[in-house]
Amino acid sequence: MPHRVRPDRARALRRRLLLAGGLASLAGLAALGGAAPARAARPELLVRFSHVVASGTPKGQMALHFQRLVAERSAGRIRVEVYPDSQLYGDEDELEALKLGAVELLAPSLSKFGQAGLPEFEVFDLPFLFDDLAQVRRVTQGPVGRRLLERLAHQQMVGLGFMDGSFKQMSANRPLRAPADFKGLRLRVQASRVLVAQMRALGAEPVVLPFGETRRALARRVVDGAENPLSNFLTQGLQAVQTDLTLTHHGYLGYAVVSHPRFWTSLSAPNRELLQQALAESLEFGSRLSAELDRQALAQVLQLPHLRVHALSGLERAALQQAAQAVHQSFEQRVGHGLLAEVRLAIAADN
Ligand code: LMR
């Protein structure tokens, strides 16, 4: 029986080798129980792309699509290595790793930029702000989105584009149809002040946890529930640790791909152009896939024998919305009055 290295230990080893520049040694890491990419000859340029979700999610697929496009278009000169599932870095250290030059690309959810000193990104976390992805796109693909990407420069990041995620649903070991159902529950949230306030407004106790620790925390009953898009719910296997999924559709979760200015400006113009173009196409690919995988995931969860799935009536949803509404007023200042007004205008404009 081969000795299996615990995932956190394998992750620490991978990091040490990468930081030591031991790229050639990585092939052996597959033996440690991880999924280190197969090694070929040393490329002219290496781009390490780390993210926290499974490869089967829209974000995971977007990263792999990007990897393929870059390999084809550079004829192997540029190699993108994708590290999914917090294998290399998780929520707690990925932005630091980018600053240190230990990775070149990340795709954090927008909710994770607030703690990095960019609270305006938490506008996307406001509960019940968006009804559908078309409204989100009018914000992210318009002047507001452009300005937000530019703001990333204030925190030593280059904003390369947005990718649509999808809407979050609530899970727990009971239905969450009304504010009274949230009372006394500890619900996992991302490190966003808006999300913390949202859970409090609904009557729950928010617990901030890295994504990579959520499943274990649910299994051990450290937390009672969580909010996730269906693709994250399924690919994390949360149906094994939650009995009820309520289709609250209460908030949006999307992504921005970022790099570090030191890396980005070090690229030759043709390489930068190639990466930028491949990424733009991959983000579109991922956004389209998000909507499709969300539909598939819904069909899948409805078939799961041990999961109770609850749809809300209009009145039930309105009561949750009303309970969460106070968050909009109290966070207007944090996300910026002007920005919120512009976002609302973009939402209202249906062109
Ligand atoms: C989460 O932490 O719940 C999400 O940001 C995970 C992700 O990247 O989809």
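Please refer to the structure placed before this passage.
The paragraphs below set out a description of the structure included in this document. (Residues numbered from 1 in each chain as written. Predicted model: local features only at pLDDT ≥ 70, side-chain atom pairs only at ≥ 80, totals over all residues. Heavy atoms only, no water.)

Before going further, it helps to spend a moment on the overall build of the chain. A tally of regular secondary structure across the chain gives 14 helices and nine strands. Counting the 351 residues in the chain, one finds 55% classified as buried. At a minimum sequence separation of 6, the contacts of the chain that also span at least 24 residues come to 75%. When the accessible surface of the chain is totalled, it reaches about 15,200 Å², and 54% of it is carbon and sulfur. (Helix = DSSP H or I, 4+ residues; strand = E, 2+ residues; numbered from the N terminus. Buried < 20%, exposed > 50% of the residue type's maximum accessible area, 1.4 Å probe, protein only. Contact = heavy atoms within 4.5 Å. Areas by Shrake-Rupley, 256 points an atom, 1.4 Å probe, with all protein chains shown as cover.)

Residues Phe113, Val123, Phe130, Met157 and Val343 are the most contacted members of the largest nonpolar core, which totals 42 residues. Counting residues per element, the ones that place at least two in this core are α3 (94-100), α4 (133-140), α5 (143-151), β4 (158-172), α7 (193-202), β8 (244-259), α13 (326-335) and α14 (337-348). Once residues lying within four places of it in the same chain are set aside, the contact partners of Val343 are Val123, Leu129, Phe130, Val139 and Val144. One finds Leu45, Leu160, Leu253 and Ala278 within the second-largest nonpolar core, a separate group that totals 27 residues. (Core = buried A, V, L, I, M, F, W, Y, C linked by side-chain atoms within 4.5 Å.)

Here we come to α13. The set of residues buried in α13 consists of Val327, His328, Phe331 and Val335. The buried residues of α13 occupy an angular sector of 90° when the element is viewed end-on, so they sit on one face. More than 90 degrees from the buried face of α13, the exposed residues found are Gln329, Ser330 and Gln333. The elements touched by buried residues of α13 are α7, α12 (314-324) and α14. Count one or two residues on from α13 and you reach Gly336, which has phi positive near 105°. (Arc of directions from axis to C-beta.)

This part covers the pattern of salt bridges. Counted according to the given criterion, the structure contains 15 salt bridges. Residue Glu44 pairs with Arg77 through a salt bridge whose shortest N-O separation is 3.0 Å. With Glu44 in the loop between α1 (7-19) and β1 (45-50) and Arg77 in the loop between α2 (58-73) and β2 (78-83), the pair connects residues that are 33 residues apart, well separated along the chain. The class for Arg77 is partly exposed, based on a relative accessible area of 31%. The partner of Glu281 in a salt bridge is Arg73, and the shortest N-O contact between them spans 2.7 Å. Of this pair, Glu281 sits in helix α11 (residues 269-303) while Arg73 sits in helix α2, and the two are 208 residues apart along the sequence. Looking at Arg73, the relative accessible area reads 39%, which means it is partly exposed. Because the salt bridges share partners, they merge into one network encompassing Arg137, Asp164 and Glu284. (Salt bridge = Lys/Arg side-chain N within 4 Å of Asp/Glu carboxyl O.)

Taken together, Val52, Val53, Lys59, Asp91, Ser109, Lys112, Arg188, Gln190, Phe211, Asn232, Leu253 and Tyr255 form the complete shell of residues around the ligand. Asn232 is positioned such that a nitrogen or oxygen atom in its side chain is 2.9 Å from an oxygen atom of the ligand. Take Tyr255: an N or O atom from its side chain is 2.5 Å from an oxygen atom of the ligand. For the ligand, whose accessible area on its own is 270 Å², the fraction buried by protein is 100%. (Near = heavy atom within 4 Å. Polar contact = N/O pair within 3.5 Å; in protein donor to acceptor, adjacent residues only side chain to side chain.)

Turning to the packing of aromatic side chains, a few remarks are in order. The final tally for this structure, using the stated rule, is eight aromatic pairs. Between Phe124 and Phe130, the aromatic rings sit 6.1 Å apart at their centres with planes inclined by 20°, giving stacked as the arrangement. As far as the burial class goes, Phe124 and Phe130 line up, both buried. With centroids separated by 6.2 Å and ring planes inclined at 50°, the aromatic side chains of Phe124 and Phe162 adopt a geometry described as tilted. In this pair, Phe124 is assigned in the loop between β3 (105-106) and α4 and Phe162 in strand β4, connecting sequence segments 38 residues apart. Of the residues examined, Phe162 reaches a relative accessible area of 7% and is grouped as buried. An aromatic cluster is built from Phe124, Phe130, Phe162, Phe167 and Tyr252, whose rings are joined through pairwise contacts. (Phe/Tyr/Trp six-rings, centres within 6.5 Å; stacked < 30°, edge-to-face > 60°.)

Here we take up the packing of α2 against α11. Packed helices, taken two at a time, are described by the angle between their axes plus the distance between the axes. Contact pair α2 / α11: the axes reach a minimum separation of 8 Å and the direction vectors enclose 145°. Of the two possible hands of crossing, α2 and α11 adopt the one that is right-handed. Tallied by class, residues from the contact of α2 with α11 come to 13 nonpolar, six polar and two charged. (Axes fitted to C-alpha atoms, helices over the stretch in contact; angles between N-to-C directions. Left-handed = near helix turned anticlockwise from the far one by under 90°. Nonpolar A, V, L, I, M, F, W, Y, C, P; charged D, E, K, R; others polar.)

Moving on: the pairing of strand β6 (residues 205-208). Looking along a regular strand, one sees the side chains alternate between the two faces of the sheet. In the sheet, strand β5 (residues 186-189) pairs with β6 via four bridges, with the strands oriented parallel. Pairing of Leu187 across the sheet is with Pro206, part of β6. The handedness of the β5 to β6 crossover, carried by α7, is right-handed. (Pairing = 2+ DSSP bridges. Right-handed = clockwise from strand over helix to strand, strands pointing away.)

In terms of burial, α7 is largely enclosed, as seven of its 10 residues are buried. Buried residues of α7: Val194, Leu195, Val196, Ala197, Gln198, Met199 and Leu202, and no others. Just downstream of α7, Gly203 is the residue with a positive phi angle, here 105°.

Structurally, the position occupied by Lys112 is in the loop between β3 and α4. For Lys112, a relative accessible area of 8% corresponds to the buried category. Through-space distance from the C-alpha of Lys112 to that of Gln190 is 7.1 Å; in sequence the pair is 78 residues apart. The contact partners of Lys112, leaving out residues within four places of it in the chain, are Val52, Asp91, Leu95, Gln190 and Phe211.

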